[in-house]
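Summary of the model geometry
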Amino acid sequence: MAASSVGILCLVFLFLASGTMSAAPKKVVHVPFTRNYVPTWAFDHIKYFNGGNEIQLLLDKYTGTGFQSKGSYLFGHFSMQIKMVPGDSAGTVTAFYLSSQNSEHDEIDFEFLGNRTGQPYILQTNVFTGGKGDREQRIFLWFDPTIDYHSYSVLWNMYQIVFFVDDIPIRVFKNSKDLGVKFPFDQPMKIYSSLWNADDWATRGGLEKTDWAKAPFLASYKSFHVDGCQASVNAKFCESQGKKWWDQKEYQDLDAAQYRRLKWVRSKFTIYNYCKDRVRFPTAAPECKRDRDA
Ligand SMILES: *[C@@H]1O[C@H](CO)[C@@H](O)[C@H](O)[C@H]1NC(C)=O
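Think of each chain on its own: its residues are numbered from 1, step by step along the sequence as written. Note on the predicted model: pLDDT of at least 70 is required for a residue's local features to be given, and 80 or more for side-chain atom pairs to be given and counted; whole-chain, interface and lining totals, by contrast, use all residues. Heavy atoms throughout the structure, all of them, feed into the side-chain values; hydrogens and water do not.

Labels follow the DSSP assignment, with helices taken as runs of H or I lasting at least four residues and strands as runs of E lasting at least two, numbered in each case from the N terminus. Check the secondary structure of the chain and you find four helices and 15 strands. Remark: exposure states derive from per-residue accessible area (1.4 Å probe, protein chains only) relative to the maximum for the residue type, with buried under 20%, exposed over 50%, and partly exposed in between. Considering the chain as a whole, with its 294 residues, one finds that 53% of them fall into the buried category. Contacts are assigned to residue pairs with any non-hydrogen atoms lying within 4.5 Å of each other. Contacts spanning at least 24 positions in sequence make up 69% of the contacts within the chain whose residues lie at least 6 apart. Per-residue and other accessible areas were derived by the Shrake-Rupley procedure at a 1.4 Å probe size, with only the shown protein chains allowed to occlude residues. Roughly 14100 Å² of accessible area belongs to the chain as shown, and the carbon and sulfur atoms make up 57% of that amount.

In C-alpha coordinates:
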(Lines give C-alpha, C1' and ligand atoms only; values in the text may rest on other atoms or scores of the structure.)
Protein backbone atom coordinates (compact mmCIF):
# COMPACT_ATOMS: atom_id res chain seq x y z
CA MET A 1 0.00 0.00 0.00
CA ALA A 2 1.34 3.44 -0.88
CA ALA A 3 2.49 5.53 2.04
CA SER A 4 -0.03 8.24 1.24
CA SER A 5 -3.02 5.90 1.38
CA VAL A 6 -1.77 4.52 4.68
CA GLY A 7 -1.63 8.11 5.84
CA ILE A 8 -5.17 8.73 4.70
CA LEU A 9 -6.37 5.55 6.37
CA CYS A 10 -4.75 6.68 9.59
CA LEU A 11 -6.47 10.02 9.33
CA VAL A 12 -9.83 8.36 8.71
CA PHE A 13 -9.17 6.08 11.65
CA LEU A 14 -8.25 9.00 13.90
CA PHE A 15 -11.35 10.85 12.80
CA LEU A 16 -13.61 7.89 13.58
CA ALA A 17 -11.82 7.17 16.84
CA SER A 18 -12.06 10.76 18.01
CA GLY A 19 -15.76 10.66 17.16
CA THR A 20 -16.37 7.67 19.36
CA MET A 21 -14.02 8.67 22.15
CA SER A 22 -15.84 11.90 22.77
CA ALA A 23 -18.94 12.53 24.80
CA ALA A 24 -20.91 9.38 24.03
CA PRO A 25 -21.96 8.14 27.46
CA LYS A 26 -19.86 5.46 29.13
CA LYS A 27 -20.55 1.84 28.51
CA VAL A 28 -24.05 0.71 29.27
CA VAL A 29 -24.36 -2.28 31.59
CA HIS A 30 -27.38 -4.47 30.94
CA VAL A 31 -28.85 -5.60 34.22
CA PRO A 32 -32.07 -7.33 35.24
CA PHE A 33 -35.09 -5.27 36.21
CA THR A 34 -34.94 -6.10 39.91
CA ARG A 35 -31.36 -4.83 40.30
CA ASN A 36 -32.45 -1.20 40.14
CA TYR A 37 -36.25 -1.13 39.93
CA VAL A 38 -39.48 -2.08 41.67
CA PRO A 39 -43.08 -1.94 40.44
CA THR A 40 -44.98 1.19 41.51
CA TRP A 41 -48.59 0.16 41.02
CA ALA A 42 -50.76 -2.58 39.44
CA PHE A 43 -48.06 -5.21 40.06
CA ASP A 44 -50.04 -7.85 38.17
CA HIS A 45 -49.79 -5.77 34.99
CA ILE A 46 -46.02 -6.26 34.80
CA LYS A 47 -44.85 -9.47 33.12
CA TYR A 48 -41.33 -10.88 33.55
CA PHE A 49 -39.35 -12.79 30.92
CA ASN A 50 -35.92 -14.26 30.52
CA GLY A 51 -35.15 -14.30 34.24
CA GLY A 52 -36.30 -10.73 34.71
CA ASN A 53 -33.95 -9.37 32.06
CA GLU A 54 -36.96 -8.35 30.05
CA ILE A 55 -40.34 -7.10 31.18
CA GLN A 56 -43.60 -5.96 29.66
CA LEU A 57 -45.96 -3.33 30.94
CA LEU A 58 -49.59 -4.05 30.20
CA LEU A 59 -52.41 -1.57 29.79
CA ASP A 60 -56.03 -2.66 29.65
CA LYS A 61 -59.30 -0.88 30.32
CA TYR A 62 -58.88 -1.44 34.07
CA THR A 63 -55.43 0.01 34.56
CA GLY A 64 -51.98 0.83 33.27
CA THR A 65 -48.88 0.18 35.32
CA GLY A 66 -45.47 1.55 36.15
CA PHE A 67 -42.18 1.05 37.93
CA GLN A 68 -39.58 3.16 39.68
CA SER A 69 -35.95 2.99 40.71
CA LYS A 70 -35.13 1.83 44.20
CA GLY A 71 -32.55 4.57 44.60
CA SER A 72 -32.60 8.33 44.12
CA TYR A 73 -29.80 9.80 42.09
CA LEU A 74 -27.97 13.04 41.76
CA PHE A 75 -26.38 13.20 38.30
CA GLY A 76 -25.37 10.29 36.12
CA HIS A 77 -26.40 8.35 33.05
CA PHE A 78 -29.63 6.40 32.92
CA SER A 79 -30.92 4.34 30.06
CA MET A 80 -33.31 1.62 29.11
CA GLN A 81 -34.21 -0.16 25.95
CA ILE A 82 -37.87 0.01 25.05
CA LYS A 83 -40.03 -1.46 22.32
CA MET A 84 -43.16 0.64 22.16
CA VAL A 85 -46.73 -0.67 22.02
CA PRO A 86 -47.12 -2.07 18.49
CA GLY A 87 -50.13 -1.87 16.17
CA ASP A 88 -52.96 0.38 17.23
CA SER A 89 -51.46 2.30 20.15
CA ALA A 90 -53.51 5.48 19.76
CA GLY A 91 -54.35 7.05 23.12
CA THR A 92 -51.57 5.26 24.99
CA VAL A 93 -48.53 6.98 26.46
CA THR A 94 -45.32 5.23 27.44
CA ALA A 95 -43.10 7.36 29.63
CA PHE A 96 -39.54 7.20 30.90
CA TYR A 97 -38.62 10.01 33.25
CA LEU A 98 -36.60 11.21 36.20
CA SER A 99 -38.33 13.15 38.93
CA SER A 100 -37.59 14.46 42.40
CA GLN A 101 -40.22 13.88 45.04
CA ASN A 102 -40.78 17.29 46.57
CA SER A 103 -43.22 20.08 45.73
CA GLU A 104 -40.87 22.36 43.73
CA HIS A 105 -39.78 19.36 41.81
CA ASP A 106 -37.30 18.76 39.02
CA GLU A 107 -38.19 16.40 36.21
CA ILE A 108 -36.69 15.13 32.96
CA ASP A 109 -39.27 13.48 30.66
CA PHE A 110 -39.47 11.22 27.66
CA GLU A 111 -43.11 10.60 26.65
CA PHE A 112 -43.98 8.40 23.70
CA LEU A 113 -47.41 9.14 22.29
CA GLY A 114 -48.97 6.20 20.49
CA ASN A 115 -50.91 6.31 17.25
CA ARG A 116 -53.22 4.38 14.96
CA THR A 117 -51.64 1.44 13.12
CA GLY A 118 -49.06 2.66 10.62
CA GLN A 119 -49.16 6.25 11.89
CA PRO A 120 -46.07 7.67 13.53
CA TYR A 121 -45.38 7.90 17.25
CA ILE A 122 -44.46 11.27 18.70
CA LEU A 123 -41.66 11.65 21.22
CA GLN A 124 -42.37 14.53 23.59
CA THR A 125 -39.67 15.72 25.98
CA ASN A 126 -39.93 18.18 28.83
CA VAL A 127 -37.81 19.56 31.64
CA PHE A 128 -39.13 20.85 34.97
CA THR A 129 -36.88 22.85 37.25
CA GLY A 130 -38.01 24.03 40.68
CA GLY A 131 -41.60 23.04 39.82
CA LYS A 132 -41.69 24.91 36.51
CA GLY A 133 -42.20 22.96 33.30
CA ASP A 134 -43.83 24.21 30.08
CA ARG A 135 -40.74 23.26 28.09
CA GLU A 136 -42.24 20.74 25.70
CA GLN A 137 -40.52 19.72 22.52
CA ARG A 138 -41.93 17.14 20.13
CA ILE A 139 -40.29 15.13 17.41
CA PHE A 140 -41.07 12.25 15.10
CA LEU A 141 -38.55 9.41 15.27
CA TRP A 142 -36.51 8.34 12.24
CA PHE A 143 -37.56 4.71 12.79
CA ASP A 144 -40.62 2.77 13.88
CA PRO A 145 -40.10 2.37 17.65
CA THR A 146 -42.45 -0.63 17.84
CA ILE A 147 -40.39 -3.03 15.72
CA ASP A 148 -37.11 -3.26 17.63
CA TYR A 149 -35.67 -2.24 20.93
CA HIS A 150 -34.04 1.18 20.93
CA SER A 151 -32.18 2.79 23.75
CA TYR A 152 -33.40 5.98 25.40
CA SER A 153 -31.12 7.70 27.84
CA VAL A 154 -30.45 10.75 29.93
CA LEU A 155 -27.05 12.18 30.77
CA TRP A 156 -27.27 14.64 33.65
CA ASN A 157 -24.46 16.63 35.20
CA MET A 158 -23.90 20.17 36.50
CA TYR A 159 -23.49 21.50 32.97
CA GLN A 160 -26.22 19.94 30.91
CA ILE A 161 -29.02 17.45 30.56
CA VAL A 162 -28.84 15.50 27.31
CA PHE A 163 -31.63 13.32 25.93
CA PHE A 164 -30.32 10.53 23.71
CA VAL A 165 -32.09 8.15 21.36
CA ASP A 166 -29.65 5.36 20.44
CA ASP A 167 -26.76 7.64 21.42
CA ILE A 168 -27.97 10.39 19.11
CA PRO A 169 -28.59 13.55 21.12
CA ILE A 170 -32.11 14.79 20.43
CA ARG A 171 -32.23 17.55 23.03
CA VAL A 172 -29.86 19.46 25.28
CA PHE A 173 -30.90 21.53 28.26
CA LYS A 174 -27.85 23.55 29.26
CA ASN A 175 -27.33 24.89 32.75
CA SER A 176 -28.46 28.49 32.24
CA LYS A 177 -28.10 29.69 35.78
CA ASP A 178 -26.34 32.76 34.36
CA LEU A 179 -29.62 33.61 32.55
CA GLY A 180 -31.62 33.23 35.76
CA VAL A 181 -32.96 29.76 34.93
CA LYS A 182 -33.04 27.11 37.65
CA PHE A 183 -31.13 23.94 36.90
CA PRO A 184 -31.62 20.61 38.71
CA PHE A 185 -28.57 20.23 40.95
CA ASP A 186 -29.55 19.53 44.53
CA GLN A 187 -32.68 17.39 44.49
CA PRO A 188 -32.05 13.69 43.94
CA MET A 189 -34.35 12.11 41.38
CA LYS A 190 -35.83 8.67 40.99
CA ILE A 191 -36.26 7.06 37.60
CA TYR A 192 -39.77 6.10 36.57
CA SER A 193 -41.52 4.42 33.70
CA SER A 194 -45.17 3.84 33.03
CA LEU A 195 -47.76 2.93 30.44
CA TRP A 196 -51.19 4.50 30.74
CA ASN A 197 -54.24 5.73 28.90
CA ALA A 198 -54.06 9.39 27.91
CA ASP A 199 -56.62 9.49 25.14
CA ASP A 200 -57.89 12.83 26.40
CA TRP A 201 -54.78 14.52 24.92
CA ALA A 202 -52.14 12.21 23.48
CA THR A 203 -53.02 11.32 19.90
CA ARG A 204 -53.90 14.15 17.53
CA GLY A 205 -54.61 16.25 20.60
CA GLY A 206 -57.17 13.77 21.98
CA LEU A 207 -59.16 13.25 18.77
CA GLU A 208 -58.07 9.62 18.48
CA LYS A 209 -59.43 7.47 21.29
CA THR A 210 -57.96 4.28 22.72
CA ASP A 211 -59.58 1.26 21.06
CA TRP A 212 -60.12 -1.08 23.99
CA ALA A 213 -61.02 -3.89 21.62
CA LYS A 214 -57.27 -3.97 20.87
CA ALA A 215 -56.25 -4.30 24.56
CA PRO A 216 -54.08 -5.38 26.22
CA PHE A 217 -51.43 -2.91 25.05
CA LEU A 218 -47.87 -4.03 25.72
CA ALA A 219 -44.62 -2.09 25.97
CA SER A 220 -41.41 -4.14 26.31
CA TYR A 221 -38.28 -3.20 28.24
CA LYS A 222 -34.78 -4.40 28.84
CA SER A 223 -31.30 -3.27 29.87
CA PHE A 224 -32.20 -1.07 32.92
CA HIS A 225 -28.83 0.66 33.08
CA VAL A 226 -28.24 3.03 35.97
CA ASP A 227 -24.92 4.76 36.60
CA GLY A 228 -25.45 7.66 38.96
CA CYS A 229 -24.55 8.90 42.37
CA GLN A 230 -27.09 7.24 44.61
CA ALA A 231 -28.00 10.02 46.99
CA SER A 232 -29.55 9.76 50.39
CA VAL A 233 -32.02 12.45 51.39
CA ASN A 234 -29.61 15.28 50.78
CA ALA A 235 -27.11 16.21 48.13
CA LYS A 236 -24.05 16.45 50.36
CA PHE A 237 -23.19 12.79 49.95
CA CYS A 238 -22.71 13.06 46.19
CA GLU A 239 -20.56 16.16 46.57
CA SER A 240 -18.32 14.23 48.92
CA GLN A 241 -17.88 11.51 46.30
CA GLY A 242 -15.64 13.71 44.15
CA LYS A 243 -15.57 13.93 40.37
CA LYS A 244 -17.30 11.20 38.39
CA TRP A 245 -16.90 10.40 34.71
CA TRP A 246 -19.98 12.45 33.79
CA ASP A 247 -18.39 15.56 35.34
CA GLN A 248 -15.36 15.40 33.08
CA LYS A 249 -14.65 17.92 30.38
CA GLU A 250 -15.92 15.85 27.45
CA TYR A 251 -19.36 15.52 29.04
CA GLN A 252 -19.79 19.21 29.84
CA ASP A 253 -20.86 20.02 26.30
CA LEU A 254 -21.62 18.12 23.12
CA ASP A 255 -18.78 17.81 20.65
CA ALA A 256 -19.00 18.96 17.04
CA ALA A 257 -20.14 15.58 15.74
CA GLN A 258 -22.89 15.41 18.33
CA TYR A 259 -24.04 18.94 17.52
CA ARG A 260 -24.25 17.91 13.87
CA ARG A 261 -26.44 14.95 14.75
CA LEU A 262 -28.59 17.06 17.06
CA LYS A 263 -29.04 19.54 14.26
CA TRP A 264 -30.00 16.77 11.86
CA VAL A 265 -32.69 15.48 14.25
CA ARG A 266 -34.02 18.92 15.01
CA SER A 267 -34.16 20.19 11.46
CA LYS A 268 -35.69 17.01 10.04
CA PHE A 269 -38.00 15.75 12.78
CA THR A 270 -39.16 18.63 14.95
CA ILE A 271 -42.93 19.01 15.26
CA TYR A 272 -43.11 21.42 18.16
CA ASN A 273 -40.70 23.52 20.16
CA TYR A 274 -41.84 25.71 23.08
CA CYS A 275 -38.97 28.07 22.28
CA LYS A 276 -40.67 28.91 18.97
CA ASP A 277 -44.25 29.10 20.22
CA ARG A 278 -45.00 32.83 20.27
CA VAL A 279 -48.72 32.22 20.87
CA ARG A 280 -48.21 30.41 24.14
CA PHE A 281 -45.12 32.40 25.06
CA PRO A 282 -45.07 35.94 23.63
CA THR A 283 -41.66 36.23 25.27
CA ALA A 284 -39.52 33.15 24.89
CA ALA A 285 -38.13 31.55 28.06
CA PRO A 286 -34.61 32.84 28.84
CA GLU A 287 -32.93 29.47 28.20
CA CYS A 288 -34.22 29.57 24.62
CA LYS A 289 -31.23 31.77 23.82
CA ARG A 290 -29.22 28.57 24.05
CA ASP A 291 -31.69 26.51 22.02
CA ARG A 292 -29.25 25.79 19.23
CA ASP A 293 -30.23 24.47 15.85
CA ALA A 294 -33.93 24.69 16.55
C1 LIG B 1 -50.53 10.35 14.47
O2 LIG B 1 -50.74 10.37 13.10
C3 LIG B 1 -51.28 11.60 12.63
C4 LIG B 1 -51.59 11.43 11.16
O5 LIG B 1 -50.44 10.98 10.46
C6 LIG B 1 -50.30 12.71 12.91
O7 LIG B 1 -50.87 13.96 12.52
C8 LIG B 1 -49.95 12.75 14.39
O9 LIG B 1 -48.95 13.72 14.63
C10 LIG B 1 -49.47 11.39 14.82
N11 LIG B 1 -49.05 11.27 16.22
C12 LIG B 1 -49.79 11.59 17.28
C13 LIG B 1 -49.23 11.19 18.59
O14 LIG B 1 -50.82 12.19 17.24
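Proximity is defined per residue: any heavy atom of the residue falling within 4 Å of a molecule or strand makes that residue near it. Close contacts around the ligand come from Leu113, Gly114, Asn115, Gln119, Pro120, Ile122, Phe140, Ala202, Thr203 and Arg204, and that covers them all. Take Gln119: an N or O atom from its side chain is 2.5 Å from an oxygen atom of the ligand. Any pair of N or O atoms that falls within 3.5 Å is considered a polar contact. Within protein, one atom must be able to donate a hydrogen and the other to accept it, and sequence-neighbouring residues count only if both atoms are side-chain atoms. One of the backbone nitrogen or oxygen atoms of Pro120 is found 3.2 Å away from a nitrogen atom of the ligand. When isolated, the ligand has an accessible area of 350 Å², and the protein chains bury 73% of it. Tallied by class, residues from the shell around the ligand come to five nonpolar, four polar and one charged. Throughout, the ten residues Ala, Val, Leu, Ile, Met, Phe, Trp, Tyr, Cys and Pro are labelled nonpolar, Asp, Glu, Lys and Arg are labelled charged, and all others, Gly among them, are labelled polar.

A sheet is described by the order of its strands in space; here seven strands give the open sequence β2-β3-β14-β5-β10-β11-β12, paired in antiparallel fashion. The open sheet has two edge strands, β2 (46-49) and β12 (168-174), and neither has a second partner. Taking each pair of neighbouring strands and ignoring which way they run, the sheet shows an average axis angle of 25°. The axes are straight lines fitted to the C-alpha atoms, using for helices just the contacting stretch, and the angles between their N-to-C directions are given from 0 to 180°. Against the sheet, helix α4 (residues 256-269) touches β11 (160-165) and β12, its axis set at about 100° to β12. What makes two strands pair is DSSP finding at least two bridges between them.

UniProt positions are given in the numbering used here, feature names are shortened, and annotations may be inferred rather than shown by experiment. Cross-referencing UniProt, the feature "active site" (unreviewed entry) maps to Glu107 and Glu111 in the present numbering. Setting aside chain neighbours within four positions, we find Glu107 in contact with Tyr97, Leu98, Ser99, Asn126, Val127, Phe128 and Met189. Within the structure, the side chain of Glu107 is placed 2.8 Å from the side chain of His105, a separation counted as a polar contact. Tracing the backbone shows Glu111 in strand β7 (residues 107-113). Taking relative accessible area as the criterion, Glu111 reaches 15% and is therefore assigned buried.

Another aspect to go through is α4. In this model, α4 (14 residues) spans 20 Å end to end at C-alpha, consistent with the 20 Å of a helix rising 1.5 Å per residue. Listing the buried residues of α4 in full gives Gln258, Tyr259, Leu262, Val265, Arg266 and Phe269. Axial view of α4: buried residues confined to an arc of 135°, hence all on one face. Opposite its buried face, α4 presents the exposed residues Ala256, Arg260, Ser267 and Lys268, each directed more than 90 degrees away. One fewer than the residue count of a helix, multiplied by 1.5 Å, yields its expected span. Our arc is simply the arc of the directions from the helix axis toward the C-beta atoms.

Let us now look at the UniProt feature "glycosylation site" (unreviewed entry) in the chain. Per the UniProt record, "glycosylation site" (unreviewed entry) is found at Asn115. Mapped onto the secondary structure, Asn115 falls in the loop between β7 and β8 (122-128). In contact with Asn115, other than residues within four places in its own chain, are Gly87, Asp88, Ser89, Ala90, Pro120 and Thr203.

The term salt bridge refers to a pairing of a side-chain nitrogen on Lys or Arg with a carboxyl oxygen on Asp or Glu at a separation within 4 Å. Applying the stated rule across the entire model yields twelve salt bridges. For the salt bridge of Glu104 with Lys182, the shortest nitrogen-to-oxygen distance reads 3.8 Å. Taken together, the positions of Glu104 in the loop between β6 (92-99) and β7 and Lys182 in the loop between β12 and β13 (190-197) put the pair 78 residues apart, joining distant regions of the chain. Residue Glu104 is classed as partly exposed on the basis of its relative accessible area of 47%.

To continue, consider the sheet that holds strand β1 (residues 37-41). Spatial ordering of the open sheet is given by β1-β4-β13-β6-β7-β8-β9-β15, a layout of eight strands whose pairing is antiparallel. Where the open sheet ends on each side, the last strands, each with one partner, are β1 and β15 (270-273). When strand polarity is set aside, the average angle formed by the axes of neighbouring strands in this sheet is 15°. As paired elements, β7 and β8 share seven bridges and run antiparallel to each other. Bridge pairing links Glu111 to Gln124 in β8. In the packing of α4 onto the sheet, the strands contacted are β9 (137-139) and β15, and the crossing angle to β15 comes to about 95°.

To count toward a patch, a residue needs a relative accessible area over 30% and no salt bridge; like charges are then connected within 9 Å, while nonpolar side chains (Val, Leu, Ile, Met, Phe, Trp, Tyr) are connected within 5 Å. Taken together, the side chains of Met158, Tyr159 and Phe185 make up a nonpolar region of the molecular surface, amounting to roughly 270 Å² of accessible area. Within the secondary structure, Phe185 is located in the loop between β12 and β13. Phe185 sits in the partly exposed class, given a relative accessible area of 44%.

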